[in-house]
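# Fold and geometry: a report
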Amino acid sequence: MINISESASDKIKELLASEESTKLFLRLGVKAGGCSGFSYGMGFDDDQKADDKEFIIHGLKVVVDEESAKYLYGVQIDFEDKGMGGGFTINNPNAVASCGCGSSFKPADYEGTPEPCDDKVEA
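The rules we used
Residues numbered from 1 in each chain as written. Predicted model: local features only at pLDDT ≥ 70, side-chain atom pairs only at ≥ 80, totals over all residues. Heavy atoms only, no water. Phe/Tyr/Trp six-rings, centres within 6.5 Å; stacked < 30°, edge-to-face > 60°. Buried < 20%, exposed > 50% of the residue type's maximum accessible area, 1.4 Å probe, protein only. Pairing = 2+ DSSP bridges. Helix = DSSP H or I, 4+ residues; strand = E, 2+ residues; numbered from the N terminus.

With that settled, consider the packing of aromatic side chains. The final tally for this structure, using the stated rule, is one aromatic pair. Between the aromatic rings of Phe79 and Phe88, the centroid separation amounts to 4.9 Å while the plane-to-plane angle is 55°, which identifies the pairing as tilted. On the basis of relative accessibility, which here comes to 16%, the residue Phe79 falls in the buried class.

Written out as structure tokens, the structure reads:
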């Protein structure tokens, strides 16, 4: 369902190792908002709900809430270390449109109104 490259998995494990709690896992999700309709969420959590979907990918525990799972099916997460241009990238086959910054997307069944896009880069 979710594909995480080895480089992304290694980076996430590195970040997890710097945290104080050993009970943390990676939580992926989406929420309404962003300039294309939905925004991605990716962070550490230690509170797993009964209806969460759990995956073990490259030895990494990944949890997705039930509602987000339908929008993240087949998603590919990668990480490239390119100095200022690197970071995590998300390729979502469910997206029919994405914003320029890549942090939000529009799924085929979305009928809401996207928020205005703020592409300003602060120095």
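Pairing is mixed in the open sheet, where three strands are placed in the order 1-6-7. This sheet does not close on itself; its edge strands, each paired only once, are strand 1 (3-4) and strand 7 (87-91). Pairing between strand 6 (residues 76-80) and strand 7: five bridges, direction antiparallel. Following the sheet pairing, Phe79 is matched in strand 7 by Phe88.

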